Amino acid sequence: MRKLYTILLALLAVSSISARQLTFYQGNSPIAPNSVIAFDKVEVEDIGGGYKSVVIDPDIYLGTDMYSSKIKVTATCTSGETIQMCAGGQCEFGSSVVKNNVTIQSNNRIPLQFEYTDYELAPGKDIPTVTAEIEAVDTEYPETLVKFTIVMGPNAAGLAQTVADDVVKASPTGIDYNLSAPATISLYSITGTLVHSVKAEGGGSISTHSLHPGIYIYSVNGSRRITGKLRVH
């Protein structure tokens, strides 16, 4: 009987782990993992002298089906602007913001307070279209990783389709790409030394067989900027 009880407890633990899930929301609508969404609502206020206050707040939330105090949330602006995220704690600014040990109660969600702001947009300067990648993971359960890309600003819809069309995948033997516009793909050593750079368009691949084993950084500069890591064996 004791052995059966132990087995039942183990099965229950496995079931609980497999059920653990993080979900992003825009307002009340769930965001599909790995999707690209567009948000074109911009709050603009004239503050005098030709200057404007600009706020883009897409109303992003993060929810979980099981309590956790070990959630890590990362927002990275791939278009280069400064963004803000609070995630239930102190608000932080930067081109990349990381919030560690975020706590969410079971079957609950919290506002990320993720937004782009410019309270003194200079006269004649256009409101930017901001692209950011947002991801979250319960650090005790790596399989809970979820992420999506958001494009915000006046031209969000068109650029979001371009972002969705761009595909870059890294493997131990190279980089496969399918690009919507011409781009430069560069490879850097882990210390930042440029080791390879090519002009790319459409679909294709770049072989890494001539590189020494190790970790490299790739950067794609075209209609948008894509970065990532790859390991060469």
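Draft legend 1. Up close: the sheet that holds strand E3 (residues 36-39). With mixed pairing, the 5 strands of this open sheet are ordered in space as E3-E14-E13-E7-E10. Here the strands that pair on one side only, and so sit at the sheet edges, are E3 and strand E10 (96-104). On average, each strand axis in the sheet is tilted by 25° relative to the strand beside it, whichever way the strands run.

Draft legend 2. Summary view of the pairing of strand E15 (residues 167-171). Pairing analysis gives 5 bridges linking E15 to strand E16 (residues 174-178), with the strands arranged antiparallel. For Ser171, the partnering residue across the bridge sits in E16 and is Gly174. Between the antiparallel neighbours E15 and E16 lie 2 residues.

Draft legend 3. Region of interest: the nonpolar core. Phe24, Leu62, Leu112, Phe114 and Ile150 are the most contacted members of the largest nonpolar core, which has 32 residues in total. Look past the residues within four positions of Leu62 in its chain and what remains in contact with it is Leu22, Thr23, Phe24, Ile71, Val73, Ile104, Asn108, Arg109, Ile110, Leu112 and Ala136. Counting residues in each nonpolar core, the second largest holds 16 residues, with Leu211, Tyr216, Val220 and Val232 among its members.

Draft legend 4. Fine view of the state of the cysteines. Following the criterion strictly, the structure yields 1 disulfide and no others. Disulfide partner of Cys86: Cys91, at an S-S distance of 1.8 Å. Across the S-S bond of Cys86 and Cys91 the torsion is about 95°, and the bridge reads as right-handed. By relative accessible area, which is 32% here, Cys91 ends up partly exposed.

Criteria and thresholds
Residues numbered from 1 in each chain as written. Predicted model: local features only at pLDDT ≥ 70, side-chain atom pairs only at ≥ 80, totals over all residues. Heavy atoms only, no water. Pairing = 2+ DSSP bridges. Helix = DSSP H or I, 4+ residues; strand = E, 2+ residues; numbered from the N terminus. Axes fitted to C-alpha atoms, helices over the stretch in contact; angles between N-to-C directions. Core = buried A, V, L, I, M, F, W, Y, C linked by side-chain atoms within 4.5 Å. Buried < 20%, exposed > 50% of the residue type's maximum accessible area, 1.4 Å probe, protein only. Contact = heavy atoms within 4.5 Å. Disulfide = S-S within 2.5 Å.

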